[in-house]
Amino acid sequence: MSRVGRMPIAIPAEVTVDIAENNHVTVKGPKGTLEKTLPAEMEISMEEGNLVVKRPNDIKKMKSLHGLTRSLLNNMVTGVTSGYEKKLEVNGVGYRANKQGKKLVLNLGYSHPVEMEDPEGIESKVEGNVITVSGIDKEKVGQFAAEIRDKRRPEPYKGKGIKYADEVIRRKVGKAGKK
């Protein structure tokens, strides 16, 4: 059995889970509602206040889908209870981030400011040089944070650019360091 797939998912009291046909799962919680259609081969059931995922057989594809389905369900339950957030840091002389309504305005050394609209269900905040992306859908939060980072990736010589708060940039020695 899949180590991840066989673990039951504890459902908190304030969360309701509806499993419709074709494994269309709706999770409602204090922060909002998430819907997702999961692989139809997997058997999702409620047992004693826990969500349990079972697979029909031991084909390699089913083993892969088993852990994936359980992880996606767990991410949905965690999202509607506590939500997700990613922090990004803007480093560099003259590099700035501002918030104008639902727009994130980035000054990253280009000839023009880069404007990014917050996607639906995602909120971004700017405090100094730290951008915080938060929401209930883990996939959307990660995707929007990655798109922000892509506007100016950190470079290895001075470390300028946008990086995740927990990311470590491997620094390189410049021209002056070689002898």
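Since the model is a prediction, treat every value here as computed from it, not as a measurement.

**With respect to the overall build of the protein chain**
- Each helix and strand in the protein chain was counted, giving two helices and 13 strands.
- A compact globule built from 179 residues would reach a C-alpha radius of gyration of about 16 Å, whereas the protein chain, at 21 Å, exceeds it by more than 25%.
- Taken along its principal axes, the extent of the C-alpha atoms in the protein chain is 60 × 45 × 25 Å.
- Residues classed as buried in the protein chain amount to 36% of the 179 residues present.
- Contacts spanning at least 24 positions in sequence make up 50% of the contacts within the protein chain whose residues lie at least 6 apart.
- For the protein chain, the distance from the average position of its 33 positive side-chain charges to the average position of its 24 negative side-chain charges is 12 Å.

**Looking at the sheet that holds strand β7 (residues 84-91)**
- Across the sheet, four strands lie side by side as β11-β12-β7-β13; this open sheet has antiparallel pairing. The two strands at the open ends of the sheet, each matched to only one other strand, are β11 (122-127) and β13 (161-164). Between one strand and the next, the sheet's axes are offset by a mean angle of 25 degrees, whatever the strand orientation.
- Sheet topology places β7 next to β13; four bridges connect them, and they run antiparallel. Looking at β13, one finds that Leu-88 is bridged to Tyr-164.
- The sheet contacts of helix α2 (residues 138-150) involve β7, β11, β12 (130-135) and β13, and relative to β7 the element is tilted by about 5 degrees.

**A word on the nonpolar core**
- In this structure, Ile-11, Val-17, Val-25, Val-27, Ile-44, Leu-51 and Leu-73 are the most contacted members of the largest nonpolar core, which totals 19 residues.
- Going through the elements one at a time, β3 (24-29), β6 (50-54) and α1 (60-81) are the ones with two or more residues in this core.
- Not counting residues within four places of it along the chain, the set of residues in contact with Leu-73 comprises Ile-9, Val-25, Leu-38, Ile-44, Leu-51 and Val-53.
- Val-90, Leu-104, Val-141 and Ile-148 belong to the second-largest nonpolar core, a separate cluster that totals 18 residues.

**Things to note about the pairing of strand β8 (residues 96-100)**
- Relative to strand β9 (residues 103-107), β8 runs antiparallel, the two sharing five bridges. The residue bridging Asn-98 from the neighbouring strand is Val-105, located in β9.
- In sequence, β8 turns back onto β9 through a hairpin of two residues, with Gly-101 there showing a positive phi of about 65 degrees.

**With respect to α2**
- For α2, with 13 residues, the first-to-last C-alpha span of 18 Å sits near the 18 Å given by 1.5 Å per residue.
- Within the sequence span of α2, burial applies to Val-141, Gly-142, Phe-144, Ala-145, Ile-148 and Arg-149. Projected onto a plane normal to the axis of α2, the buried residues spread over an arc of 165 degrees and lie on a single side.
- In this fold, the buried residues of α2 make contact with β7, β9, β10 (114-117), β11, β12 and β13.

**Considerations on the packing of aromatic side chains**
- Evaluation of the coordinates by the stated rule reveals zero aromatic pairs.
- The residue whose ring lies beneath Lys-86 is Tyr-164, and the NZ or CZ to ring-centre distance is 5.4 Å.
- Lying across the ring of Tyr-110, Arg-152 places its NZ or CZ 4.4 Å from the centre.

**Things to note about the side chain of Ser-124**
- Inspection of the secondary structure puts Ser-124 in strand β11.
- A distance of 3.1 Å separates a polar atom in the side chain of Ser-124 from a polar atom in the side chain of Lys-99.
- A polar contact of 2.8 Å, which involves the side chain of Ser-124, links it to the side chain of Asp-118.

**Overview of the sheet that holds strand β5 (residues 43-47)**
- The three strands lie next to each other as β1-β6-β5, forming an open sheet whose pairing is antiparallel. Two strands lie at the open edges of the sheet, namely β1 (9-10) and β5, each paired on one side alone.

**What about the pattern of salt bridges?**
- A complete count under the given rule lists nine salt bridges for this structure.
- For Asp-58, the salt bridge is made with Arg-55, and the minimal N-O distance between the two is 3.1 Å.
- The class of Asp-58 is exposed, set by a relative accessible area of 54%.
- Residue classification places Arg-55 among the buried residues on the basis of a relative accessible area of 13%.

About the criteria used
In this convention, every chain numbers its residues from 1, walking through the sequence in written order. In view of the model being predicted, local features appear only for residues whose pLDDT reaches at least 70, and side-chain atom pairs are presented and counted only at 80 or more, with totals across whole chains, interfaces and linings using the full set of residues. The side-chain figures draw on all heavy atoms in the structure; neither hydrogens nor water molecules are used. Think of it this way: any DSSP run of H or I at least four residues long counts as a helix, any run of E at least two long counts as a strand, and we number them from the N terminus. In this treatment the radius of gyration is a C-alpha quantity, and the globule benchmark scales as 2.2 Å times the residue count to the 0.38 power. Only protein chains enter the area calculation, which uses a 1.4 Å probe; residues under 20% of their type maximum are buried, those over 50% are exposed, and those in between are partly exposed. In this description, contact between two residues means that some pair of their heavy atoms is separated by no more than 4.5 Å. Here the positive residues are Lys and Arg and the negative ones are Asp and Glu; neither His nor the chain ends is included. To locate a charge, the coordinates of NZ of Lys, CZ of Arg, CG of Asp or CD of Glu are taken. Two strands are counted as paired when DSSP detects at least two bridges linking them. Between the N-to-C directions of two axes lies an angle of 0 to 180 degrees, each axis being a line fitted to C-alpha atoms and, for a helix, fitted only over the stretch in contact. Joining through side-chain atoms within 4.5 Å is the link that ties buried Ala, Val, Leu, Ile, Met, Phe, Trp, Tyr and Cys residues into a set, and such a set is a nonpolar core. Working rule for helices: expected span equals 1.5 Å times residues minus one. As used here, the arc belongs to the directions running from the helix axis to the C-beta atoms. Only the six-membered ring of Trp is used, alongside the rings of Phe and Tyr, when aromatic pairs are assigned; centres must lie within 6.5 Å, and planes under 30 degrees apart are stacked while those over 60 apart are edge-to-face, with the rest tilted. By the criterion adopted, a ring carries a charge over it if an Arg CZ or a Lys NZ lies within 6 Å of its centre and within 35 degrees of its normal. In the analysis that follows, any N or O atom pair within 3.5 Å is treated as a polar contact, provided that within protein one partner can donate a hydrogen and the other can accept it, and provided that, for residues neighboring in sequence, both atoms belong to side chains. Salt bridges are counted wherever a side-chain nitrogen of Lys or Arg sits within 4 Å of a carboxyl oxygen of Asp or Glu.

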